[in-house]
Amino acid sequence: MVTATNQYTPDYAVPPGDILNEHIIAQGISQAELARRCGHSAKLTSEIINGKAPINPLLTLEFEKVLNVDASIWLNIETDYRLHIAREAEAREAVDATAWLEQFPTKKL
């Protein structure tokens, strides 16, 4: 029996705010109107759309009601995005650590 091990792992992630903005534009509502319907501030909506604030589970339930997009989809987009950011940061740290290690005069030791 052969087990497939191929997994889809893109090298990018779409910020959830981009997708949220597309949905509100498609539905013809403003950021301020989304905020009003969800019961939170327009500032929070703006921060989410600009990628400065994460989408939490309570917000996903509100988005689900207002935009008619399942809350689990919003959570998955947010999780994938935050995981991608964390992996990029980890990769940068590894590169920095490698550069630091290469400074040691190992041949002289």
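Use the structure listed above.
We now turn to the structure provided with this report. (Residues numbered from 1 in each chain as written. Predicted model: local features only at pLDDT ≥ 70, side-chain atom pairs only at ≥ 80, totals over all residues. Heavy atoms only, no water.)

Quick look at the nonpolar core now. Membership of the largest hydrophobic core comes to 16 residues, with the highest contact counts inside it found for L20, I24, L34, I48, F63, L67 and W74. Every element with two or more residues in this core is listed here: α1 (16-26), α2 (31-38), α3 (42-49), α4 (57-67) and α5 (71-101). Of all the elements, α4 adds the most residues to this core, at 4 residues. Ignoring sequence-local partners within four residues, the contact set of I24 consists of I29, S30, Q31, L34, I49 and L67. (Core = buried A, V, L, I, M, F, W, Y, C linked by side-chain atoms within 4.5 Å. Buried < 20%, exposed > 50% of the residue type's maximum accessible area, 1.4 Å probe, protein only. Helix = DSSP H or I, 4+ residues; strand = E, 2+ residues; numbered from the N terminus. Contact = heavy atoms within 4.5 Å.)

The next subject is the side chain of T60. Assignment of secondary structure puts T60 in helix α4. For T60, the side chain forms a polar contact with the main-chain oxygen of P57, separated by 2.6 Å. Look past the residues within four positions of T60 in its chain and what remains in contact with it is I55, A71, W74 and L75. (Polar contact = N/O pair within 3.5 Å; in protein donor to acceptor, adjacent residues only side chain to side chain.)

Our focus in this paragraph is the pattern of salt bridges. Counting across every chain of the model gives 4 salt bridges. For R37, the salt bridge identified is with E33, shortest N-O distance 2.9 Å. In this pair, R37 and E33 are both assigned in helix α2, 4 residues apart and thus about one turn of the helix distant. Within this structure, E33, R36 and R37 form a network of salt bridges that share partners. (Salt bridge = Lys/Arg side-chain N within 4 Å of Asp/Glu carboxyl O.)

Before going further, it helps to examine the side chain of H84. Mapped onto the secondary structure, H84 falls in helix α5. When sequence neighbours within four positions are dropped, the list of residues in contact with H84 reads D11, Y12 and A13.

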